[in-house]
Amino acid sequence: MALAAEAFMTQLAAAEPWPENAALYQQLKDEQILLSDNASSLAVQAFLQMCNLPVRVVCRANAEYMSPSGKVPFIHVGNQVVSELGPIVQFVKAKGHSLSDGLDEVQKAEMKAYMELVNNMLLTAELYLQWCDDVTVEEITHLRYGSPYPWPLNRILSYQKQWEIRRKMKAIGWAGKSLEQVLEDVDQCCQALSQRLGTQPYFFNKQPTELDALVFGHLFTILTTQLTSDELSEKVKNYSNLIAFCRRIEQQYFEGHDKDSSSSATSRSAKRSLLR
Amino acid sequence: MAAPMELSCWGGGWGLPSVHPESLTVMAYAKFSGAPLTVNAINNCWRAPKGEVPILISEDTVISQPAKILNFLRKQKYNADYELSAKQGADTLAYIALLEEKLLPALLHTFWVEAENYCSVTKPWFASRIPFPLSLYLPGKMSREALNRILLTRGGPPLYSLTEVEAQIYRDAKECLNLLSKRLGTSQFFFGNRPSTLDAFVFGFLAPLYKVCFPRVQLQEHLKQLPNLCRFCDDILSCYFRLAVSDPALIISLQMDDNLRKSPQHPPRKLTTLKLAAGGEESSPLNRLSP
């Protein structure tokens, strides 16, 4: 039954070309958005840039609630709304644009595996840091997450989300991990990505794929976000080819794109502060 | 050398040394890397399984999750990834993440959540190996934890009912199996001719799915349509997990053979002797059980 619904959606998607007024929704950039959501949003933006599809970024305080899956970012194209990178990639493919068509079967399997690695380790580590590390939660997350709303709603929403994320962490076995162990995992993940990237410009051939967009989204956000301590970004900085990779993508796809102010800090040292 | 190491894990059945994916992964890795482990299958005695299974006990250290156990074995110089290149090591991590994200939910569902499978196969099997009264409680708890995990990780909107979540996780699992099959191709193991950590994980996840006889078997049917993955499991079972002399079930059956032989009612018949080798380290496929 769900398969038929998907096929129907794909047909709908294929029917029209990409419109000019496509919009990508995320939370408020300067006051509200958190590390993990920012990373996901940047990954989608990078992917759409790589496909040469114009999209404008719209910031709304209730983006999370508008999204069909509860997660940001989501795109509003024509009369369809699609959220998260995976479904967006499929949606864009149905419209006839794809970055991974040139890959053979084994490479496609590898690409999917590496995307799962980023989701499994990097994204989960970001969520852990934001919601389960008490210092970060107190100083950054609680202040930012509900900031557009009045008291007491802001605290309630924040605690609710924290409870939800902590339940999930417990279910997958991350609740028992200490911060050092999580940072170790991040290091392992970055090492794997660095070894896979090697000296190539992108992960597969000379053309970027959705994996490049995803890795860029996460790594760039980690590098340019100021948290209570620098440990997370230090882990990424140990790998110079990953930094060069981020800079390359930023220069190629985001320079000159004036709407995207996340790239305004072009040099590595300038950090965008997430603290209020 | 290294201190003696003991692995406490769930036992075997249906031709497998263990029915539990994580226990099987650790046992497979130990065989691949030549680590001398004494395997203690949890059976119906008072030493009930507490907390996580499998558990490795070496002198005073107790280590519990498969990833940590494998790390410990590597530190003790039992390393099955010695010949892998850096990129292959990175690929290993990526594929393990793929298994955990895409295949594990469906595996948990097949074993613990699917009502027919759980009631007729999983619960009786586990309950028979846990001492009373824990046997009344622990399988139910494991089942609830599995369902919880599936719902929390995969059950958000736009999937609003358990049937939709089930459909999605089985679709993902079938796609994962297809990807693994494409990656394995025609080679014997995932990286060349020697098995490594990735082979241990893939074997640990696939073999229970392949061998355990369930009433509801949609994922098993799909797996059987991928002959290279089935061949992969069978090869590892026959090369690395031949029956060892210490297998108590086998000793009992040997004794029974002796008793039958001495009984006057049975005419002396040609005794089938089983040629057994002691605990399998790197063994050539030529040494098989001969009738």
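Residues numbered from 1 in each chain as written. Chains lettered and ligands numbered in written order. Predicted model: local features only at pLDDT ≥ 70, side-chain atom pairs only at ≥ 80, totals over all residues. Heavy atoms only, no water.

A side chain with one charge may pair with a side chain of the opposite charge, provided their charged atoms come close. All names here are of chain A. Considering all chains together, one arrives at 19 salt bridges over all chains under this definition. Across the salt bridge formed by Glu-110 and Arg-196, the nearest N and O atoms sit 2.9 Å from each other. Placement of Glu-110 in helix H5 (residues 105-131) and of Arg-196 in helix H8 (residues 179-197) is noted, with a sequence separation of 86 residues between them. By relative accessible area, Glu-110 is classed as buried at 8%. Accessibility expressed as a relative area gives 7% for Arg-196, which makes it buried. (Salt bridge = Lys/Arg side-chain N within 4 Å of Asp/Glu carboxyl O. Helix = DSSP H or I, 4+ residues; strand = E, 2+ residues; numbered from the N terminus. Buried < 20%, exposed > 50% of the residue type's maximum accessible area, 1.4 Å probe, protein only.)

Sheet strands associate in pairs through backbone hydrogen bonding, adopting either a parallel or an antiparallel arrangement. Residue and element names in this part refer to chain A. Spatially, S2-S1-S3-S4 is the arrangement adopted by the 4 strands of the open sheet, whose pairing is mixed. Two strands lie at the open edges of the sheet, namely strand S2 (56-59) and strand S4 (80-83), each paired on one side alone. Each adjacent strand pair in this sheet contributes to an overall mean axis angle of 25 degrees, direction not counted. Relative to S2, strand S1 (residues 23-26) runs parallel, the two sharing 4 bridges. Following the sheet pairing, Gln-26 is matched in S2 by Cys-59. In the packing of helix H2 (residues 35-50) onto the sheet, the strands contacted are S1, S2 and strand S3 (74-77), and the crossing angle to S1 comes to about 170 degrees. Running over the sheet, helix H4 (residues 85-94) touches S3 and S4 and is turned about 135 degrees from S4. (Pairing = 2+ DSSP bridges. Axes fitted to C-alpha atoms, helices over the stretch in contact; angles between N-to-C directions. Contact = heavy atoms within 4.5 Å.)

Right, let's get into the UniProt feature "domain: Metaxin glutathione S-transferase" (unreviewed entry) in chain A. In this numbering, the UniProt entry assigns the feature "domain: Metaxin glutathione S-transferase" (unreviewed entry) to residues 187-249 of chain A. Secondary structure within residues 187-249 of chain A divides into 68% helix and 3% strand; the distance between the first and last C-alpha atoms comes to 22 Å. (UniProt positions renumbered as here; feature names shortened; annotations may be inferred.)

All names here are of chain B. Reading across the sheet, the 4 strands line up as S2-S1-S3-S4 and stay open at both edges, with mixed pairing between neighbours. In this open sheet, the two strands that pair with only one neighbour each are strand S2 (37-41) and strand S4 (61-63). On average, adjacent strands in this sheet sit at an angle of 20 degrees to one another, irrespective of strand direction. The sheet contacts of helix H1 (residues 21-33) involve strand S1 (5-9) and S2, and relative to S1 the element is tilted by about 150 degrees. In the packing of helix H2 (residues 66-75) onto the sheet, the strands contacted are S1, strand S3 (55-58) and S4, and the crossing angle to S3 comes to about 30 degrees.

One pass over the structure, following the stated rule, counts 14 aromatic pairs over all chains. Arranged with centres 5.5 Å apart and planes meeting at 20 degrees, the rings of Phe216(A) and Phe254(A) form a pair that is stacked. Here Phe254(A) lies in helix H11 (residues 240-254) and Phe216(A) lies in helix H9 (residues 210-224), a separation of 38 residues in the sequence. Neither Phe216(A) nor Phe254(A) differs from the other in exposure class; each is buried. Their ring planes at 80 degrees and their centres at 5.0 Å tell us that Phe111(B) and Phe214(B) sit as a pair that is edge-to-face. (Phe/Tyr/Trp six-rings, centres within 6.5 Å; stacked < 30°, edge-to-face > 60°.)

Turning our attention to the UniProt feature "domain: Metaxin glutathione S-transferase" (unreviewed entry) in chain B. The sites that UniProt annotates as "domain: Metaxin glutathione S-transferase" (unreviewed entry) are residues 173-236 of chain B. Secondary structure content for residues 173-236 of chain B is 69% helix and 0% strand, while the C-alpha to C-alpha distance between its ends is 22 Å.

With that settled, consider the interface of chain B and chain A. Many descriptions give the size of an interface as the accessible area lost when the pieces come together. Across the contact, 25 residues belong to chain B and 26 residues belong to chain A. Across the interface of chain B and chain A, roughly 2400 Å² is buried in total on both sides, 62% from carbon and sulfur atoms. Here chain B is connected to chain A by 4 salt bridges. In this structure, Lys112(A) and Glu175(B) form a salt bridge, with 3.5 Å as the shortest nitrogen-oxygen distance. Across the contact surface, chain B and chain A share 5 residue pairs in polar contact (both at pLDDT 80 or more). For the side of chain B that touches chain A, the elements supplying multiple residues, two or more each, are helix H3 (86-113), helix H5 (134-154) and helix H6 (162-184) of chain B. By residue number, the principal contributor to the side of chain B that touches chain A is H3(B), which donates 12 residues. Looking at the side of chain B that touches chain A residue by residue, the class counts come to 12 nonpolar, 2 polar and 11 charged. (Buried area = accessible area lost by both parts, 1.4 Å probe. Polar contact = N/O pair within 3.5 Å; in protein donor to acceptor, adjacent residues only side chain to side chain. Nonpolar A, V, L, I, M, F, W, Y, C, P; charged D, E, K, R; others polar.)

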